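Chain by chain, the residues:
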Amino acid sequence: MEPLALPLSALGYIAPKLKKELEKREVATVGDLLYLHPRAYEDRRRSLSLAEWPSGERGFGIANIEHVATVRLGARNVLKVLLGDGTAHAEATFFNARPWMAKLMPVGERVAVSGELRRFGAKRELVHPEIEPLREGERDKANYGRVVPLYTGFEGAQQRALRALIYRALELYARTLVDPLPVALRERRALPSLGEALVRLHFPKRDSEEWRAERTGAQRRLAFDELLLMQLGFALKRSKVKGAPGIAFDFDDERLARLLRLLPFAPTGAQARVLREVAADMRSSEPMNRLLQGDVGAGKTAVAAVAAAAAMENGLQVALMAPTEILASQHYASLSRWLAPLGMEVLLLTAAGSKSAKSAVRRRVADGSARLVVGTHALVQESVAFAELGLVIIDEQHRFGVLQRAELSSKGRRPDVLVMTATPIPRTLQMAACGELDLSTLDELPPGRKPVKTHVVEPARRARALERLGEELSQGRQGYVVFPLVEESEKSDLRSAQEGAAELAARFAPLRVGLLHGRLKGEEKAEIIASFRRGELSLLVATTVVEVGVDVPSATIMMIESAERFGLSQLHQLRGRVGRGEAESLCLLMVGQEAGAVARERLATLAATNDGFKVAEADLRLRGPGELLGTRQSGLPPLGAADLVRDQDLMVVAKEEARLLLGEAPGLLGESAAPLRQALERRWAERLALAEIG
């Protein structure tokens, strides 16, 4: 058996506590163990005397145990161990000490000590240091005389035991590991072998300082492996999707030109270009699997409308799924208006409405008399069946789990799929998370859209900001005030929004103020939005339910309370609710009292640009891919060595090498590609199975 697939029992005895901790982390094989990445390293090549050990810094030294005592501190046992090395003394303190711990610290034992030393006058103290017996024969093994790894979540003696276990695994198997990368690729990219990389990952060379670098040679090799396997997996999934028979729509240039005339405005050059790409996909017998990204207000709905019209004219059904009732209702209104000349009714299916009304919609979808249905998660319920679903459109794709997206597509026979997002995706993430999707970008805003002026407002300037809000409202314009709503403090946040609405209503009377939040029933939300759209409400106080879907051209000012609690991309989405008319618009980012310097820097980044791609790049650097894409839902495999911000160069290389490898061995079939195929199946298969619908 390939060594990486061997069970941990192949390594012999493992201490019960360490074994339990490994099981908790789902470390079941030698491969799982060797791919545990150190969080940091500690230099144990030279020991410090207690006298020279700097205060407040982590260090390593050799000392003798001179005295051991257990004392009571309140309800806790505290173990005190006096250490001395002839130059000074230090007291090691262990809180919540178990009775057996003192037995592991025999007086007179010579020990290795590592941890952070603190000085209080002449007194030196180490809190919960690692204390390890310094026995003959162990100095040159896993724990002494070298740079040693430190692992997240393993404390004290467990660190030492884990280190020794990994050292044992490397001694046994590092030389016999099957390297999935061809020799020619490793030489071309100057990469070490897999065995050497794993050895150097855990135990850097004694005479090298490379371990201090942000990315070592070993980490580079292992990060490359992850990114290459990801790209291979997406490419194989993509070829599987593309190879399956789909629907070949009649969607020629003449039909495209005619359907474009349904729109009440001339398309931008970017919209026309993207629609040509979509039309070419829909004409092909291979299923379309395309991601359409475009900044706020770039006109994605218009592209979806034309694609939907083409599918309906071909006699097939269209489903458009949106994450909120507000956005679904917005799409329903726009599509009903634009597609009315076709004589085909658009239906809406959400959780709102009476049972009889929803049943009537489901019946018409099932018998095929309804050609286009717009809805929320309600579309993926078992009770919803389509007669002949030909096109699936998913808006704000990162809001849905991969399985939900797949469930909707499974209601047809290989329907074309168009997923849309208003969160611009940096190029690195495009390659990482959208590897199996064709990508279209709307990079042009409709004429007349003016950039929104954005200002960061400190607490001391709050009164002036409220005056500015009043000035806009007094001119007959409308505005938003957005409050954060996060799960941890949902009740208090909601109360803040309610109190804020009451205060603003009193301040700006007799102008009417509405309150919109997620706990309202669907009908209540719809009525508030409709009132705001009709101009009956001057100010809408809301939580982030207005992030997408509320389109009111006369709204010219947005005030975002505690703006530091939002992600940059989310703030950019909120800002996109204003600036939709001809008047100049304003976004005020209100800073909370508790906001720190980093938070203020983030907000300054947003204020400096209206470019969604620049905002997304900054968000990726600051918050990581999970916040930007909803990674846990996206099908993107978890990364241990690779970092999508740091390793952008490797991502480009990995994509190129994946293309070359699949050119040499299509489908990774054949003997030469077997190691890569096995590595892909062993480490990524389950995750990549979710990636068919991006």
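Here, every reference points to the structure presented above.
Cut-off values and rules
Residues numbered from 1 in each chain as written. Predicted model: local features only at pLDDT ≥ 70, side-chain atom pairs only at ≥ 80, totals over all residues. Heavy atoms only, no water. Axes fitted to C-alpha atoms, helices over the stretch in contact; angles between N-to-C directions. Helix = DSSP H or I, 4+ residues; strand = E, 2+ residues; numbered from the N terminus. Parallel < 35°, antiparallel > 145°, perpendicular 65-115°, else oblique. Contact = heavy atoms within 4.5 Å. Nonpolar A, V, L, I, M, F, W, Y, C, P; charged D, E, K, R; others polar. Pairing = 2+ DSSP bridges. 1 Å grid on protein atoms, 1.4 Å probe; cavity = no way out; pocket = protein on both sides within 12 Å on 5 of 7 lines; lining within 4 Å. Points joined across faces, edges and corners; volume = space filled by probe spheres on them. Buried < 20%, exposed > 50% of the residue type's maximum accessible area, 1.4 Å probe, protein only. Phe/Tyr/Trp six-rings, centres within 6.5 Å; stacked < 30°, edge-to-face > 60°. Lys NZ or Arg CZ within 6 Å of the ring centre and 35° of its normal. Salt bridge = Lys/Arg side-chain N within 4 Å of Asp/Glu carboxyl O. Arc of directions from axis to C-beta. Expected span 1.5 Å × (residues − 1). Core = buried A, V, L, I, M, F, W, Y, C linked by side-chain atoms within 4.5 Å. Left-handed = near helix turned anticlockwise from the far one by under 90°.

A short note on the packing of helix α1 (residues 16–24) against helix α3 (residues 157–173)
Piece 1. Here α1 crosses α3 at 80 degrees, and the two axes come no closer than 10 Å. In terms of orientation, α1 lies roughly perpendicular with respect to α3. The residues of α3 that touch α1, namely those facing Lys17, Leu18, Glu21 and Leu22, are Gln158, Ala161, Leu162 and Leu165.
Piece 2. Partitioned by chemical class, the residues of the contact of α1 with α3 number five nonpolar, one polar and two charged.

Structural notes on the sheet that holds strand β12 (residues 372–375)
Piece 1. Read across the open sheet, the seven strands follow the order β11-β12-β10-β13-β14-β9-β15; overall the sheet is parallel. What marks the edges here is a single partner per strand, and that holds for β11 (346–349) and β15 (438–442). The sheet shows a mean angle of 20 degrees between the axes of neighbouring strands, taken without regard to direction.
Piece 2. Across five bridges, the pairing between strand β9 (residues 289–294) and β15 is parallel. Paired with arginine 290 across the two strands is aspartate 438, which belongs to β15.
Piece 3. Its contacts with the sheet place helix α8 (residues 269–283) against β9, β13 (389–395), β14 (416–421) and β15, and it is angled at close to 160 degrees to β15.
Piece 4. Along the sheet, helix α11 (residues 355–367) contacts β10 (317–321), β11 and β12; its crossing angle with β11, the most-contacted strand, is approximately 130 degrees.

Details of empty space enclosed by the protein
Piece 1. Applying the stated criterion to the full structure yields four cavities of 30 Å³ or more.
Piece 2. Taken as a whole, the largest cavity holds about 70 Å³ of empty space.
Piece 3. Around the largest cavity sit 11 residues that line it, and Tyr35, Pro180, Asp225, Leu229 and Ala679 are the ones nearest its centre.
Piece 4. A total of four residues in the lining of the largest cavity trace back to one element, the largest contributor, which is helix α23 (residues 674–688).
Piece 5. Looking at the lining of the largest cavity, its residues break down into eight nonpolar, no polar and three charged.

Thoughts on unusual backbone geometry
Piece 1. Alanine 509 connects to proline 510 through a cis peptide bond whose omega is 10 degrees.
Piece 2. In the Ramachandran plot, arginine 414 falls in the positive-phi region, its phi being about 50 degrees despite a non-glycine side chain.
Piece 3. For arginine 414, the location among the structural elements is in the loop between α12 (402–409) and β14.
Piece 4. With relative accessibility at 32%, the residue arginine 414 sits in the partly exposed group.
Piece 5. For serine 562, which is not glycine, the phi torsion reads 45 degrees and is therefore positive.
Piece 6. Looking at the element boundaries, serine 562 is found in the loop between β20 (555–560) and α17 (568–575).
Piece 7. Accessibility expressed as a relative area gives 22% for serine 562, which makes it partly exposed.

Digging into the packing of aromatic side chains
Piece 1. Across all of its chains, the model carries four aromatic pairs by this definition.
Piece 2. It is arginine 25 that lies over the ring of phenylalanine 154; its NZ or CZ is 4.6 Å from the centre.

A word on the pattern of salt bridges
Piece 1. Under the criterion given, the structure shown has 44 salt bridges.
Piece 2. One salt bridge connects glutamate 91 with lysine 123, and the closest N-O pair in it is separated by 3.7 Å. Residue glutamate 91 is found in strand β4 (residues 89–94), and its partner lysine 123 is found in strand β6 (residues 123–127); the two are separated by 32 residues along the sequence.
Piece 3. Looking at glutamate 91, the relative accessible area reads 21%, which means it is partly exposed.
Piece 4. The residue arginine 413 makes a salt bridge to glutamate 388 at a minimum N-O spacing of 3.5 Å.

Considering the sheet that holds strand β19 (residues 539–542)
Piece 1. Strand order in the open sheet made by the six strands is β16-β21-β20-β17-β19-β18, with parallel pairing throughout. Looking at the sheet topology across the chains shown, the edges are occupied by β16 (453–457) and β18 (513–516). Across this sheet, the average inter-strand angle for adjacent strands is 15 degrees, counted without regard to direction.
Piece 2. Bridge count for β16 against strand β21 (residues 586–590) is five bridges, and the pairing is parallel. Looking at the pairing, valine 456 lines up with leucine 589 of β21.

Here's the deal with helix α7 (residues 253–260)
Piece 1. Looking at α7, one finds that the buried residues are Arg255, Leu256, Leu259 and Leu260. On an axial view of α7, the arc spanned by its buried residues comes to 130 degrees, and they lie on one face. Opposite its buried face, α7 presents the exposed residues Asp253 and Glu254, each directed more than 90 degrees away.
Piece 2. Where α7 is buried, its residues meet α8 and α9 (300–313).

Concerning α8
Piece 1. For α8, spanning 15 residues, the distance from its first C-alpha to its last is 21 Å, which sits close to the expected 21 Å at 1.5 Å a residue.
Piece 2. Here the buried face of α8 lies against α7, β9, α9, β13, β14 and β15.

A few points about the nonpolar core
Piece 1. Judged by nonpolar contacts, the single largest core of 62 residues is most densely connected at Leu22, Leu33, Leu162, Leu198, Phe224 and Leu228.
Piece 2. When residues of this core are traced back to their parent elements, those giving at least two are α1, α2 (30–34), α3, α5 (194–202), α6 (217–243), α22 (648–664) and α23.
Piece 3. Element by element, the count of residues in this core is highest for α6, at 10 residues.
Piece 4. Residue contacts for leucine 162: discarding those within four places in its chain leaves Leu18, Leu22, Leu33, Leu36, Tyr151 and Phe154.

Describing the pairing of β6
Consecutive residues of a regular strand have side chains that alternate between opposite faces of the sheet.
Piece 1. When β4 meets β6, the two strands line up parallel, connected through three bridges. Looking at β6, one finds that glutamate 91 is bridged to glutamate 125.
Piece 2. Direction of pairing for strand β5 (residues 110–120) relative to β6: antiparallel, over a ladder of four bridges. Note on β6: the bridge partner recorded for leucine 117 is leucine 126.

Observations regarding the packing of α7 against α9
Piece 1. Axis separation between α7 and α9 bottoms out at 10 Å; the angle between their running directions is 120 degrees. In this view, α7 runs oblique relative to α9, as classed from their interaxial angle. Here α7 and α9 pass one another in a crossing that is right-handed. Where α7 abuts α9, its residues Arg255, Leu256, Arg258, Leu259 and Leu260 lie against Val306, Ala309, Ala310 and Glu313.

Comments concerning the pairing of strand β17 (residues 478–482)
Piece 1. Judged by how many residues are buried, β17 sits mostly within the fold: five of five residues are covered.
Piece 2. Here β17 shows two buried faces, one formed by Gln478, Tyr480 and Val482 and the other by Gly479 and Val481.
Piece 3. Sheet topology note: the β17/β20 ladder contains five bridges and is parallel. Pairing of valine 481 across the sheet is with methionine 559, part of β20.
Piece 4. Sheet topology note: the β17/β19 ladder contains four bridges and is parallel. If you follow tyrosine 480 over to β19, its bridge partner there is leucine 540.

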